[in-house]
Amino acid sequence: DCSMLIPKTHKAIFIAALVTSTIYATIAGAVVSACDMGICGFDTNENLGSALFAGAAFFVYAFVCGLLITLLCGYAIGLPVHLALRRLGKSTLENYLFVSSLISIILTAAIILRSIPVLSDPGYLLILFIFSTATAGPISAIIFWRIVRPDQWATQMTEDSKGSLA
């Protein structure tokens, strides 16, 4: 029964979004703190406490925004791609990585071509956003694929149908 696999798909999308957002929010918070402390080469008059607070605040902001964006992309882009790959019988991890990398490259190219000022004016934030966009798709795809294991669905469905015929 395929209906048992649907909750697993939603769970996988949520976990992939949660893990990916946590990774990138942690990186973003650390970069903001480091740059505010002058480690990145920017002149700053910030003290350690305010730099760490800025990094922590940016972590929360990046996590919430990242989670919402990743969930939106997971359902709007990832789920239709997942269903298409299943229908085509191309449920290998390599196919998921290829397609998610291709989508990430297209989104990253759109950001670069449009020169969207993301989050703030500092160039390091735009670089961080471009890096995140380019790599979040493949990371989310790996997590999603490891939870859902679409390559095993056909085997499971075949075994289930054989059991119901007996």
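Residues numbered from 1 in each chain as written. Predicted model: local features only at pLDDT ≥ 70, side-chain atom pairs only at ≥ 80, totals over all residues. Heavy atoms only, no water.

A.B. asks: Help me understand the overall build of the protein in this model?
C.D. replies: Regarding its fold elements, the protein presents five helices and zero strands. Each helix (α) and strand (β) of the protein, taken in turn from the N terminus, gives the series α-α-α-α-α. Here the protein holds 166 residues, and the buried ones make up 31% of them. A total accessible area of about 9900 Å² is found for the protein, and carbon and sulfur atoms account for 71% of it. (Helix = DSSP H or I, 4+ residues; strand = E, 2+ residues; numbered from the N terminus. Buried < 20%, exposed > 50% of the residue type's maximum accessible area, 1.4 Å probe, protein only. Areas by Shrake-Rupley, 256 points an atom, 1.4 Å probe, with all protein chains shown as cover.)

A.B. asks: What is the right way to look at the nonpolar core in this model?
C.D. replies: A general tendency of soluble globular proteins is for nonpolar side chains to be buried together. Membership of the largest hydrophobic core is limited to 11 residues, which are Ala12, Ile13, Ala16, Leu79, Leu85, Tyr96, Ala141, Ile143, Phe144, Trp145 and Val148. For this core, the secondary-structure elements that each account for two or more residues are helix 1 (6-36), helix 2 (48-88) and helix 4 (123-148). For this core, the element with the highest residue contribution is helix 4, accounting for five residues. Ala25, Ala28, Val32 and Phe58 belong to the second largest nonpolar core, which has six residues in total. (Core = buried A, V, L, I, M, F, W, Y, C linked by side-chain atoms within 4.5 Å.)

A.B. asks: In this structure, what is going on with the packing of aromatic side chains? I would like to understand it.
C.D. replies: Any two aromatic rings considered together are summarised by their centre-to-centre distance and by the angle between their planes. Following the criterion strictly, the structure yields four aromatic pairs and no others. Here the aromatic rings of Phe59 and Phe63 are separated by 6.2 Å at their centres, their planes lie at 15°, and the arrangement is stacked. Of this pair, Phe59 and Phe63 both sit in helix 2, four residues apart, roughly one helical turn. (Phe/Tyr/Trp six-rings, centres within 6.5 Å; stacked < 30°, edge-to-face > 60°.)

A.B. asks: For this particular structure, what's the right way to read the environment of Gly89?
C.D. replies: Mapped onto the fold, Gly89 is located in the loop between helix 2 and helix 3 (93-114). Of the residues examined, Gly89 reaches a relative accessible area of 59% and is grouped as exposed.

A.B. asks: Looking at this structure, how should I read the side chain of Ser91?
C.D. replies: Examined against the element boundaries, Ser91 turns out to sit in the loop between helix 2 and helix 3. Since its relative accessible area comes to 9%, Ser91 is described here as buried. Ignoring anything within four residues of it in the chain, the contact list for Ser91 reads Leu85, Arg86, Tyr96, Trp145, Pro150 and Asp151. (Contact = heavy atoms within 4.5 Å.)

A.B. asks: I would appreciate a short explanation of the environment of Ser50 in the present structure.
C.D. replies: Along the chain, Ser50 turns up in helix 2. Here Ser50 falls in the partly exposed class, since its relative accessible area comes to 28%.

A.B. asks: Hey, could you run me through a nonpolar patch on the surface in this one?
C.D. replies: A surface patch of nonpolar side chains, about 290 Å² in accessible area, is lined by Val19, Ile23, Ile27 and Phe131. For the nonpolar patch, the element with the most residues is helix 1, which contributes three residues. Looking at the secondary structure, you find Ile27 in helix 1. By relative accessible area, Ile27 is classed as partly exposed at 32%. (Patch = residues over 30% accessible without salt bridge, like charges linked within 9 Å, V, L, I, M, F, W, Y side chains within 5 Å. Salt bridge = Lys/Arg side-chain N within 4 Å of Asp/Glu carboxyl O.)

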